[in-house]
Amino acid sequence: MKFGILVNEGPYQHQASDSAYLFCKAALEKGHEIHRVFFYHDGVNNSSRLTEPPQDDRNIVNRWSKLAEEHKLDLVVCVAAALRRGIQDENLAPGFRISGLGQLVETGIEADRTLTFGD
Amino acid sequence: MLHIINKSPQERNSLESCLRVAQDGGTLLLIEDAVYAATRGNAAAAKLREAQSRFKVCVLQADLEARGMADHLIDGVTTVDYGGFVDLAAQHKNCQSWL
Amino acid sequence: MEGIVKKFMFINRKAPYGTIYALESLEVVLISAAFDQDVSLAFVDDGVYQLKKGQQTKGIETKNFSPTYRALDGYDIEKLYVEQESLEARGLTEEDLLVDVTVLSRKEMGEMMEQQDVLLSF
């Protein structure tokens, strides 16, 4: 089955990104496909490569990048929401790309199920 | 439908709102801070009983454990891991997060 | 993807201005119009405040995006559903809203949600 994922909150402040990540990982382990993870609202902050958590904490951004690399995930950051919050190509972590909101609607159409993780 | 709730019933009205509007049947999954709704002695216990009479009620085990509340889980609530969460999403025709 | 028409419902349960959710939700709604899908908007709980007439945002130096709800019609987005009890609980009636809506009972709203393929909440 193909899942589409929407992440509406930034890393650390809310559990949304953690929950979405653990859901994606479990889905992939079960042989499902993740059509796309779309980052919206403060969720765009999950893509900042300038993120540096303390060493004893999980690195939410790197974790997404790694999952994207291992499973060829499409991690899309909403351009309008990103520009509002100072996320641009130059501070984008590996595996993420900036694109339009149409990508979210497209995921809704193409995925079998679309799940929202937010506040 | 799979209804996903992620807020404590003492903080937000998402559980209440879901119970007010949602059609009977399907599953209600409590994740993140919503797991407190499924714990003994919580003031929202009546709401949870109502939920159990109308939906299958599940709680994400990892969130329950993280909060030290696994020993307070109300009888009749099914615990699931993230794989179980994925199964629930796949089994239901559609899903809604009550944000 | 071509030819697939899904039922999309955008669910608004948050008031405007206090957080950005209402505004950014509206931005997705506008984009969705280009995809020829069966789009509807649901306003439940504090989400009904998004449609209150007479919003004046000059004093908070924030853009007043409420006129956009009236423009949705021009994008062929005509299904705006407001849940009756949410209005009542906030001392509002249909007269207080800035756009034509369909007021649904909670039961009708629940049925409407059940019929959707994609439910996006912000």
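Above: the structure in question.
Being a predicted model, the structure only gives us computed values, none of them experimental.

It is common to report an interface's size as the accessible area lost on association of the parts. Contacts between the two partners involve 18 residues from chain C and, on the opposite side, 17 residues from chain A. Residue contributions to the side of chain C that touches chain A peak at six residues, all from helix α1 (residues 21-32) of chain C. For the side of chain C that touches chain A, the class distribution of residues is 12 nonpolar, three polar and three charged.

The next subject is unusual backbone geometry. All names here are of chain C. In this model, Asp 36 sits at a positive phi of 55 degrees, which is unusual for a non-glycine residue. When you line up the elements, Asp 36 lands in the loop between α1 and β2 (38-43). Assessed through the 13 C-beta atoms surrounding it within 10 Å, Asp 36 is described here as partly exposed. For Asp 76, which is not glycine, the phi torsion reads 60 degrees and is therefore positive.

To continue, consider the nonpolar core. The tendency in soluble globular proteins is for nonpolar side chains to be buried side by side. With 102 residues, the main nonpolar core has Ile5(A), Val37(A) and Leu30(B) as its most contacted residues. Among the elements that make up this core, the one with the highest residue count is helix α1 (residues 16-29) of chain A (seven residues).

This part is about the packing of α1(A) against helix α2 (residues 60-71) of chain A. Residues and elements named next belong to chain A. Where α1 meets α2, the axes come as close as 11 Å, and the angle between the chain directions of the two elements is 20 degrees. Taken together, α1 and α2 sit at an angle that is classed as roughly parallel. By crossing handedness, the relation of α1 to α2 is classed as left-handed. Contact with α1, carried on its side by Ser 17, Asp 18, Tyr 21, Cys 24, Lys 25 and Leu 28, involves Ile 60, Arg 63, Trp 64, Leu 67 and His 71 of α2 and no other residues of that element. Here the contact of α1 with α2 is composed, by residue class, of six nonpolar, two polar and three charged.

Right, let's talk about the sheet that holds strand β3 (residues 79-83) of chain C for a bit. Residue and element names in this part refer to chain C. Taken in spatial order, the five strands of this open sheet run β4-β3-β2-β1-β5, and their pairing is parallel. The sheet terminates laterally at β4 (102-104) and β5 (118-121), the two strands that pair on one side only. Strand after strand, the sheet turns through a mean of 25 degrees between neighbouring axes, direction not considered. Sheet analysis places β2 next to β3, joined by four bridges and oriented parallel. Of the residues in β3, the one forming a bridge with Phe 43 is Val 82. Sitting on the sheet, α1 is in contact with β1 (7-12), β2 and β5, with an inclination near 165 degrees to β1.

Looking now at the pairing of strand β2 (residues 33-39) of chain A. All names here are of chain A. The buried fraction of β2 amounts to six of the seven residues, a majority that puts the element mostly inside the structure. Judged from the six bridges that link them, strand β1 (residues 2-7) and β2 form a sheet pairing that is parallel. When the bridges of β2 are listed, Gly 4 appears paired with Arg 36. At this point the chain moves from β1, through α1, to the parallel β2, and the crossover so formed is right-handed. Note on the crossover from β2 through α2 to strand β3 (residues 75-78): the handedness is right-handed.

Moving on to the interface of chain B and chain C. Taken together, the contact pairs 12 residues of chain B with 15 residues of chain C. Listing elements by their share of the side of chain B that touches chain C, those giving two or more residues are α1 (14-21) and β5 (95-97) of chain B. When residues of the side of chain B that touches chain C are assigned to their parent elements, the largest contribution, three residues, is made by α1(B). Split into classes, the residues belonging to the side of chain B that touches chain C amount to five nonpolar, six polar and one charged.

On to α1(B). Burial of α1(B) is extensive: six of the eight residues sit out of reach of the surface. Buried residues of α1(B): Ser14(B), Leu15(B), Ser17(B), Cys18(B), Leu19(B) and Val21(B), and no others. On its buried face, α1(B) is in contact with β1 (2-5), β2 (27-30) and α2 (45-54) of chain B together with β3 and α4 (106-114) of chain C.

Residues and elements named next belong to chain A. Spatially, the five strands line up as an open sheet ordered β4-β3-β2-β1-β5, and their pairing is parallel. Single-partner strands in this sheet number two, and they are β4 (96-99) and β5 (113-117). Averaged over all neighbouring strand pairs, the angle between strand axes comes to 25 degrees, with direction disregarded.

Analysis parameters
Residues numbered from 1 in each chain as written. Chains lettered and ligands numbered in written order. Predicted model: local features only at pLDDT ≥ 70, side-chain atom pairs only at ≥ 80, totals over all residues. Contact = placed C-beta atoms within 7 Å. Helix = DSSP H or I, 4+ residues; strand = E, 2+ residues; numbered from the N terminus. Nonpolar A, V, L, I, M, F, W, Y, C, P; charged D, E, K, R; others polar. Buried ≥ 20, exposed ≤ 12 C-beta atoms within 10 Å, placed from the backbone. Core = buried A, V, L, I, M, F, W, Y, C linked by C-beta atoms within 7 Å. Axes fitted to C-alpha atoms, helices over the stretch in contact; angles between N-to-C directions. Parallel < 35°, antiparallel > 145°, perpendicular 65-115°, else oblique. Left-handed = near helix turned anticlockwise from the far one by under 90°. Pairing = 2+ DSSP bridges. Right-handed = clockwise from strand over helix to strand, strands pointing away.

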